[in-house]
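Next come the chains, spelled out residue by residue.
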Amino acid sequence: MRVFVIDASNMGPELQGGLIGVVGSVFPDAAEKKECVETVARYAADGWAIAADPRTLIGRLAALTAETACVPFLAFDRVPQRGGPVVGPPPVPAAARVLG
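What counts as what
- Residues numbered from 1 in each chain as written.
- Predicted model: local features only at pLDDT ≥ 70, side-chain atom pairs only at ≥ 80, totals over all residues.
- Heavy atoms only, no water.
- Helix = DSSP H or I, 4+ residues; strand = E, 2+ residues; numbered from the N terminus.
- Polar contact = N/O pair within 3.5 Å; in protein donor to acceptor, adjacent residues only side chain to side chain.
- Axes fitted to C-alpha atoms, helices over the stretch in contact; angles between N-to-C directions.
- Left-handed = near helix turned anticlockwise from the far one by under 90°.
- Contact = heavy atoms within 4.5 Å.
- Phe/Tyr/Trp six-rings, centres within 6.5 Å; stacked < 30°, edge-to-face > 60°.
- Buried < 20%, exposed > 50% of the residue type's maximum accessible area, 1.4 Å probe, protein only.

Engineer: How do you make sense of the side chain of Asp53 when you look at a structure like this?
Structural biologist: Relative to the assigned elements, Asp53 resides in the loop between strand E3 (49-52) and helix H2 (57-69). In terms of polar contacts, Asp53 uses its side chain to reach the side chain of Arg55, at 3.0 Å.

Structure, rendered in structure tokens:
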């Protein structure tokens, strides 16, 4: 599991206490799950907001822990997968773009 600090200086006041991101392995073992809950709970107790991809198991654990601690949770929708492309909406075809 990896935890990283996200610059929230240009974000809303609810995130000014700090924002951390959490990512983990695709198939986390019990130790990684425990580390996730403990780490997120520790940061949340200090008022940090939490960001993760709720489509992953670690992301769902981070979201539930943040919710339990009553701190903001931000869902990643574009988390790079190891060795793969960035996950997100497909690009808009040139023919469908509105020219202004």
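Engineer: Sorry if this is basic, but what is going on with the packing of helix H1 (residues 30-45) against H2 here?
Structural biologist: A pair of packed helices is characterised by two quantities: the angle between their axes and the separation of those axes. Relative orientation of the contacting elements H1 and H2 amounts to 35°, with a least axis distance of 9 Å. At the point where H1 passes H2, the crossing takes the right-handed sense. Here H1 contributes Glu32, Lys33, Cys36, Val37, Val40, Ala41 and Ala44 to the contact with H2, which in turn contributes Leu57, Ile58, Leu61, Ala62, Thr65, Ala66 and Ala69.

Engineer: What is the right way to read the packing of aromatic side chains from this model?
Structural biologist: For any pair of aromatic rings, the description consists of the separation of the ring centres together with the inter-plane angle of the planes. Within this structure, the stated rule accounts for 2 aromatic pairs. Judged by centre distance (6.3 Å) and plane angle (5°), the ring pair of Phe4 and Phe76 falls under stacked. Residue Phe4 is found in strand E1 (residues 2-5), and its partner Phe76 is found in the segment after strand E4 (73-75); the two are separated by 72 residues along the sequence. Phe4 gets classed as partly exposed once you look at its relative accessible area, which sits at 33%. Residue classification places Phe76 among the partly exposed residues on the basis of a relative accessible area of 22%. Ring centres of Tyr43 and Trp48 lie 5.3 Å apart, and the angle between their planes is 85°; on these two criteria the pair is classed as edge-to-face.

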